[in-house]
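# Geometric and topological summary
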Amino acid sequence: MQFVDKALARRFEAVEEMPQVLYARAFQKARPEIGAAEEEICGGHMVFAGLGSPIGRATGIGLDRPLMAEDLDRVEAFYRSHQAPSQVDVCPLHDPSVFEMFKERGYGIAELNNVLCRKLDPEEKFPAAPAGAEIRRGRIEEAEELSAIVERAFFPDGAPEGFGGLIAPLYQMEGAQAYVAVVDGKKVACGTGLVIPQHRVFGLGGAGTQLEYRRRGLQTALLRARLAAAADAGCEYAVIVTQGGTTSQRNCERLGFRVAYSKVTVIKKLEAS
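The notes below deal with the structure included here. (Residues numbered from 1 in each chain as written. Predicted model: local features only at pLDDT ≥ 70, side-chain atom pairs only at ≥ 80, totals over all residues. Heavy atoms only, no water.)

## With respect to the side chain of Gln219
By secondary structure assignment, the location of Gln219 is in helix 5 (residues 218-232). There is a polar contact of 3.1 Å between the side chain of Gln219 and the backbone oxygen of Gly208. (Helix = DSSP H or I, 4+ residues; strand = E, 2+ residues; numbered from the N terminus. Polar contact = N/O pair within 3.5 Å; in protein donor to acceptor, adjacent residues only side chain to side chain.)

## Section: helix 1 (residues 6-30)
Taking 1.5 Å per residue as the helical rise, helix 1 with its 25 residues ought to reach 36 Å, and the 36 Å between its terminal C-alpha atoms agrees with that figure. Maximal helix bending in helix 1 amounts to about 40°, located at Ala14. (Expected span 1.5 Å × (residues − 1). Bend = angle between axes of the 7 residues up to and from the residue.)

## A look at the pairing of strand 10 (residues 237-242)
The buried fraction of strand 10 amounts to 5 of the 6 residues, a majority that puts the element mostly inside the structure. Both strand 5 (residues 108-119) and strand 10 contribute to a ladder of 6 bridges, which runs antiparallel. When the sheet's bridge partners are listed, Cys117 is paired in strand 10 with Val239. Note that strand 9 (residues 201-209) and strand 10 share 3 bridges and pair parallel. Within strand 10, the position partnered with Phe202 by the bridge is Ala238. Taken together, strand 9, helix 5 and strand 10 constitute a β-α-β crossover, and its handedness is right-handed. (Buried < 20%, exposed > 50% of the residue type's maximum accessible area, 1.4 Å probe, protein only. Pairing = 2+ DSSP bridges. Right-handed = clockwise from strand over helix to strand, strands pointing away.)

Here it is in structure tokens:
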């Protein structure tokens, strides 16, 4: 298992930081009514992508430089200006003083996730796709259709407010690697990821399979296709952030991913004025 220090954790945190930054920039153009915004701070970014959106936290901060009280003041002022709660990602590589600072300011835990990583090798060869399935690159013009597959996989009764339409913008981001599984001429599963060249990491996400086509090895094949593409793009690690015990985590562990660390998102609710 790769030893994870602050420098490596900083690289891994980019797999959640940079997609959020790119989402904010995309929303500024396509959905200006949201008021999306992003700012650099303390080595990372703070992002707002709309009230009620699952996107919008301060991520990657305080790992390549100390996180000070004045930095947290800026984070809180940023989210307060958008009438949103202040949310920050924190991992075990942060200094103990950081956790104490959040405790003193009344932050609570909003989310707990595992960060899994896998070393990439451009010479690695992967098995062929399952019989009867074709794995190919997803195209930008298919973004809405493939995004709907993921939404139905997670929300069969319809995506809640704030979650709808979140996958489609990934297809237009620089560095996107999207793949689709086709069975009998029908698009039935897909998976996306993002090459982050400045950190030489590849962030996996945005995957789903139609219910009747599950347990056929399609997500494993889609994972393999993205790992090969990421290695070809010069990435050193593939990284995925999951909740513990999920199918996504089990699929990744079968392909050699290991938990690098667990992380929390801490939140401070907006005070009533």
